[in-house]
Amino acid sequence: MKKPLGILLLLVVLVAVLCAGLWLGGHPESLPSGLRSAFVNDDRALRAEIQSKIEAGYYQKVDPQVLENGSLSGMVQALPDDFSHYFSPKDAQTLSEDLSGNFDGVGMSIQENKAGLEVVRVFPGSPAEKVGIRPEDIITRVDGESIAGMASELATSKIKGPAGTKVDLTVVNPRTGKQSKVEPERANIDVPVVDSKIETVDGYKVGVIQLVTFSEGVHAQLAKEVKKLDDEGVDGLILDLRGNGGGLLDEAVLTSSVFIKDGLIVSTHGRVEPEKKYNAIGAPIDTTTPMVVLVDGGTASAAEILAGALRDRGRAAAVIGQQTFGKGVFQEVEPLSNGGTLNLTVGGFYLPDGENLANDGIKPDVDARDKPRTKQDEALPVALDALAKALKQK
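Each value, and the rule that gives it
- Residues numbered from 1 in each chain as written.
- Predicted model: local features only at pLDDT ≥ 70, side-chain atom pairs only at ≥ 80, totals over all residues.
- Heavy atoms only, no water.
- Phe/Tyr/Trp six-rings, centres within 6.5 Å; stacked < 30°, edge-to-face > 60°.
- Lys NZ or Arg CZ within 6 Å of the ring centre and 35° of its normal.
- Core = buried A, V, L, I, M, F, W, Y, C linked by side-chain atoms within 4.5 Å.
- Buried < 20%, exposed > 50% of the residue type's maximum accessible area, 1.4 Å probe, protein only.
- Helix = DSSP H or I, 4+ residues; strand = E, 2+ residues; numbered from the N terminus.
- Axes fitted to C-alpha atoms, helices over the stretch in contact; angles between N-to-C directions.
- Parallel < 35°, antiparallel > 145°, perpendicular 65-115°, else oblique.
- Left-handed = near helix turned anticlockwise from the far one by under 90°.
- Contact = heavy atoms within 4.5 Å.
- Nonpolar A, V, L, I, M, F, W, Y, C, P; charged D, E, K, R; others polar.
- Polar contact = N/O pair within 3.5 Å; in protein donor to acceptor, adjacent residues only side chain to side chain.
- Pairing = 2+ DSSP bridges.

Engineer: Looking at this structure, how should I read the packing of aromatic side chains?
Structural biologist: Aromatic rings considered in pairs are described by the distance between their centres and by the relative angle of their planes. Applying the stated criterion across every chain yields a total of 1 aromatic pair. In this structure, Lys327 is placed above the aromatic ring of Phe83, and the distance from its NZ or CZ to the ring centre is 4.8 Å.

Engineer: Help me understand the nonpolar core in this model?
Structural biologist: Proteins that are soluble and globular tend to have nonpolar side chains buried together. In terms of nonpolar packing, the biggest core is built from 38 residues, with Ile209, Leu222, Leu239, Leu241, Phe259, Ile265 and Leu310 touching the most fellow members. Residue assignment for this core shows that the elements contributing at least two residues are β9 (204-211), α8 (218-231), β10 (236-240), α9 (249-256), β11 (264-269), β13 (291-295) and α10 (302-312). No other element matches α10, which puts 7 residues into this core.

Engineer: How do you make sense of the packing of α8 against α9 when you look at a structure like this?
Structural biologist: Helix-helix packing: each pair is described by the crossing angle between the helix axes and the interaxial distance. Between α8 and α9, whose axes approach to 8 Å, the crossing angle comes to 20 degrees. Between α8 and α9, the crossing angle belongs to the class labelled roughly parallel. At the point where α8 passes α9, the crossing takes the right-handed sense. Touching Val218, His219 and Leu222 of α8 are Glu251, Leu254 and Thr255, all from α9. Class assignment of the residues belonging to the contact of α8 with α9 gives a composition of 3 nonpolar, 2 polar and 1 charged.

Engineer: Would you mind showing me how to read the side chain of His85 here?
Structural biologist: With respect to the secondary-structure elements, His85 resides in strand β1 (residues 85-87). Within the structure, His85 has its side chain in polar contact with the backbone oxygen of Asp82 (distance 3.2 Å). Those residues in contact with His85 that lie beyond four places of it in its chain are Val76, Glu112, Ala151, Glu153, Thr341, Leu342 and Asn343.

Engineer: What exactly am I supposed to notice about the sheet that holds β13 here?
Structural biologist: In a beta sheet, neighbouring strands are held together by backbone hydrogen bonds and run either parallel or antiparallel to one another. Taken in spatial order, the 6 strands line up as β8-β9-β10-β13-β14-β17 in an open sheet, and their pairing is mixed. A strand with exactly one partner marks an edge of an open sheet, and here the two such strands are β8 (194-201) and β17 (366-367). Relative to β9, β8 is paired through 8 bridges, and the arrangement is antiparallel. Paired with Val201 across the bridge in β9 is Tyr204. Along the sheet, α8 makes contact with β8, β9 and β10, crossing β8 at roughly 30 degrees.

Engineer: How should the pairing of strand β4 (residues 138-142) be read in this particular structure?
Structural biologist: If a strand is regular, its side chains alternate between the two faces of the sheet. Burial analysis of β4 places 4 of its 5 residues in the buried class, the great majority of the element. With 2 bridges joining them, strand β3 (residues 116-122) and β4 adopt antiparallel strand pairing. Considered in β4, the bridge of Leu117 is made with Ile139. Sheet topology places β4 next to strand β5 (residues 145-146); 2 bridges connect them, and they run antiparallel. For Arg141, the partnering residue across the bridge sits in β5 and is Ser146.

Dropping the structure here:
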């Protein structure tokens with residue numbers, strides 16, 4: 001009888017030790033300092049110790065999950081890179097819903113700014129325009145929540161929402177520092193991603209094509225506009241990429257292929273990512289009509305690839321405007337075990353001449369600056385004059 005009782009007692013002790021080990025593994029701050037240093041990674045123990053002291057002594061009650069997400073986010077923010085981000089499970093779900101196309105917005109394009117989001121373009125007739133938001137304004141809060149340092153994807157998703165609902169935005173005028181609150185009503189924003197018009201300069205008919213983003217299928221729309229302008233007998237083309245924050249890499253290659261017959265458009269590689277070369281695809285629509293590219297500080301990512309390929313391959317006579325954003329890296333989205341996601345920079349992209357644009361961007365051949373708060377477009381006439389000179393030299 002004693003033997004089974006001894007075995008049972010041993011099992012009880014083992015289970016108790018196992019449970020204690022599991023608990024202490026999740027609460028290393030409860031271990032004596034000697035044991036803690038012997039059995040637990042110092043960094044993990046220190047993080048747990050800090051969390052324990054915050055929970056015990058901070059003047060307000062804090063959700064442990066908030067601290068955990070902050071710790072994970074801080075690890076990614078420590079990287080010397082503005083484009084890598086950790087998204088908590090809740091934020092990852094918000095982004096997933098946003099990407100599904102179920103949300104509407106207020107009608108503006110933006111770019112990241114340390115203080116929040118910088119407005120690059122406000123679409124005519126949009127809710128943003130109606131409440132007085134202007135290009136260069138900085139949005140610092142959404143519904144009272146600071147978006148400073150927040151990933152642009154997440155900050156933008158907080159502004160978007162069902163049509164008919166309102167969103168409270170705190171807006172700062174960068175010129176005066178004046179802060180104001182506006183409350184635009186979200187709506188379905190139907191803005192053509194490709195648009196064109198015909199201008200006349202020195203007797204030449206010039207087709208001006210504005211490309212807003214690099215969403216899926218934009219290359220087909222671009223090809224259609226180029227073909228339409230060709231049928232109307234334009235002498236030259238201006239490709240306006242101002243305020244275009246980029247998008248899909250494949251679309252950058254395909255839009256370049258509208259103008260470039262063959263050869264390299266862009267290449268990518270990283271520390272562990274093998275080199276990939278992306279060449280022109282399919283039959284181009286127009287490889288001969290003289291053209292210039294119009295850019296500014298809001299021209300980024302895929303838009304920089306297109307502008308750079310046209311420049312390096314000699315297809316564009318000149319790049320006009322302001323230095324581009326300089327996003328010479330790309331990210332991959334990694335799902336995490338907690339339901340969150342990690343948007344991690346894994347490599348850089350390189351133009352045909354081998355240039356990586358990270359931090360530097362494309363420097364224009366001819367400087368032209370539009371004043372965003374005026375109705376007149378001061379940069380377009382400069383591009384028209386530059387194209388006229390190229391046409392005269394043809």
